[in-house]
Every structure is written in C-alpha cells, then in structure tokens.
Amino acid sequence: MALSHDICLSETAFTSASSGMTALRNRAEQLKTKLEAMYKELTTALDTPAGKAVELTAGEVLIKPIDDLLKVIQYVSETLSEIIGTGYYKDVFIEFVEVNESVKLN
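Everything quoted here is computed from the prediction, not taken from an experiment.

(A) Structural detail: the overall build of the protein. Secondary structure summary: the protein contains 3 helices and 0 strands in total. When the elements of the protein are put in sequence order from the N terminus, they spell out α-α-α. Counting every position in the protein, which comprises 106 residues, the buried fraction comes to 15%. As presented, the protein carries roughly 8,500 Å² of accessible surface, and 61% of it is formed by carbon and sulfur atoms.

Structure representation (structure tokens):
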C-alpha cells in the first residue's frame, strides 16, 4: 500500500496564520485581564477566608492556564515570524524527496 499526498506550502497561509495568532494573543490577554479584574472584585466583596480561597483558586485554575496558553501562542507566533519568507519548509520537503529517492529499494 503506497501512501501519497501532496503537501502545499503557502506563504500567504503562513502570513494569515501569523495574523491569526496575533489576534488570538490579543483576545487571550483581554480575557486574562477581564478574569483577573472579575476575581479581584469578587474577592474584595468576600473579605473572608472564603474570599481568599476563591482568589487562590482563580489564579491556579483560570489564570495560570491562560498564561500557559499565551506562552504557546507566543512560541508559535515567533516560529511563524522566523519562517515566513525563508522557504524553510520548502527546503525541508525538497531534501526529504532527495533522501527518499536515494533510499528506494526498487
């Protein structure tokens, strides 16, 4: 059984993805800011040990995952910025074809 698929590389798609990542990062940062403000108001209203527990839980359960998401978005954005216009992936696939051709057992 032979596996065969065409892989299309598009600088336009990479550029579009980069713009999308920027928009996603902005939305995630806005969400983080909004959640932090919301929980600060909640814990201020609940000036009790329970309020402090809510504040700690908010940081661990809601804010940290958003921070982690922002790190992933940043990494992907930086990677896209580095490869746009360089032909990096094109060269990888050209070299793959060359290696694949050189090891055929026909």
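On we go.
(B) Focus on the environment of glycine 85. If you trace the backbone, glycine 85 turns up in the loop between helix H2 (49-83) and helix H3 (88-102). Sequence spacing of glycine 85 and glutamate 11 is 74 residues, and the spatial spacing of their C-alpha atoms is 6.8 Å.

(C) Main features of the pattern of salt bridges. Enumeration according to the criterion identifies 3 salt bridges in this entry. For lysine 32, the salt bridge goes to aspartate 67, with nearest N and O atoms at 2.6 Å. Highlighted residues: lysine 32 in helix H1 (residues 11-45) and aspartate 67 in helix H2, separated in sequence by 35 residues. Residue class for aspartate 67 comes out partly exposed when judged on its relative accessible area of 24%. Residue aspartate 68 pairs with lysine 64 through a salt bridge whose shortest N-O separation is 3.1 Å. One end of the pair, aspartate 68, and the other, lysine 64, are both in helix H2, 4 residues apart, so they sit about a helical turn from each other. Taking relative accessible area as the criterion, lysine 64 reaches 45% and is therefore assigned partly exposed.

Procedures and definitions
- Residues numbered from 1 in each chain as written.
- Predicted model: local features only at pLDDT ≥ 70, side-chain atom pairs only at ≥ 80, totals over all residues.
- Heavy atoms only, no water.
- Helix = DSSP H or I, 4+ residues; strand = E, 2+ residues; numbered from the N terminus.
- Buried < 20%, exposed > 50% of the residue type's maximum accessible area, 1.4 Å probe, protein only.
- Areas by Shrake-Rupley, 256 points an atom, 1.4 Å probe, with all protein chains shown as cover.
- Salt bridge = Lys/Arg side-chain N within 4 Å of Asp/Glu carboxyl O.

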